[in-house]
Amino acid sequence: MNSTEDLDYPQVILQYNSGFLVSKVMFTACELGVFDLLLESGEPLSSDAIAARLGTSTTGMERLLDACVGLKLLAVELTQEGALYRNTEISNIYLTKSSPKSQYHIMMYYSNTVYLCWHYLADAVREGRNQYERAFGILSKDPFGAMYRSEEEMLKFMAGQNSVWSICGRDVLAAFDLSPFRQICDLGGGGGALARECVSLYPNSMVTIYDLPKVVQVAKEQFVPPEEHRIAFREGDFFNDSIPEAELYILSKILHDWDDDKCRQLLAKVCKACKPGSGVLLVESLLNEDKSGPLET
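Keep in mind that this is a model prediction, so the values were computed, not measured.

Colleague: I keep staring at unusual backbone geometry and nothing clicks. Help me out?
Modeller: Glycine aside, negative phi is the norm for most residues, and most peptide bonds take the trans geometry. The backbone of Lys 253 shows a phi angle near 55 degrees, a positive value even though the residue is not glycine. Take Lys 253: its relative accessible area is 28%, and that puts it in the partly exposed class. One non-glycine residue, Lys 291, lies in the positive phi region at around 60 degrees. The class for Lys 291 is exposed, based on a relative accessible area of 68%.

Following this line, the structure appears as structure tokens:
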């Protein structure tokens, strides 16, 4: 229920109203290289110095930096020479490209792809279909036909997914004891970040990444080093082709991309492939049974 205070002054409504502005400030600072520059400089810098090095206007940069300070992405120190800016610890860890836990790539994917699609959310609700045609001029019932519309876009998406698994992949794989499973198949495993976490956490396991041929090619070339012999690849379409034999099948953030009929089709195929003692690990964001909000674990 709403409190009287909420009704007198709708703080939460105002936060929701401007939420997209917060996202875009963070996306823009990442895209322009603000956090990378401040990390590399090793010392606080003035807004004029940052603007000069990044090739932006001084006024625009100062306002962006001040917004980042308000979001606690940057810290500022007022000196006789003027305001000097530096990264906060959380920005050094998650918003700089060189960090092992960098979220830069998923930020750029959200900023340049997801953000544009959500501009047409009302149309998506009216029509019950994705909005890639309006956003990018590409008609595709299959979401991956649009997301993989070019090798550059496919690389961005795969790098973005990898960055997400760099911070939560180990927790997902440690939620259950998967050590009894030696042969594991990561269906739609993309860039292989979850597979790499898996063989690190369970060193006796072997993981086969099963994905479309063009995805497998990019994963081999860009993300999974050839010396990692515990990870193998298999090319195919899990709706139309046979899937590899395995003791454990992982479907991480796969089912939400498809309608119920497609999900039933895929799960039936996985069930048929399972032998006694096999397992299936589903990784998805879920609603509470009473639809009161997201399930939190």
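Colleague: Teacher, can you tell me more about the nonpolar core here?
Modeller: Among the nonpolar cores identified, the biggest contains 51 residues, and Leu 173, Leu 187, Phe 238, Tyr 249, Leu 251 and Leu 266 are the most heavily contacted of them. The element that contributes the greatest number of residues to this core is helix α12 (residues 151-174), accounting for 7 residues. Residues contacting Leu 173, with those up to four places away along its chain left out, are Leu 178, Leu 194, Glu 197, Cys 198, Leu 201, Tyr 202, Ile 250 and Leu 281. Counting 22 residues, the second largest nonpolar core, distinct from the first, contains Val 25, Ala 51, Leu 73 and Leu 74.

Colleague: It is not clear to me how the environment of Pro 143 should be interpreted in this structure. Could you clarify?
Modeller: Within the secondary structure, Pro 143 is located in helix α11 (residues 143-147). Each C-alpha atom, one on Pro 143 and one on Ile 209, is 20 Å from the other, the two residues being 66 residues apart in sequence. Excluding its chain neighbours within four sequence positions, the residues that come into contact with Pro 143 are Asn 130, Tyr 132, Asp 257 and Trp 258.

Conventions we followed
- Residues numbered from 1 in each chain as written.
- Predicted model: local features only at pLDDT ≥ 70, side-chain atom pairs only at ≥ 80, totals over all residues.
- Heavy atoms only, no water.
- Buried < 20%, exposed > 50% of the residue type's maximum accessible area, 1.4 Å probe, protein only.
- Core = buried A, V, L, I, M, F, W, Y, C linked by side-chain atoms within 4.5 Å.
- Helix = DSSP H or I, 4+ residues; strand = E, 2+ residues; numbered from the N terminus.
- Contact = heavy atoms within 4.5 Å.

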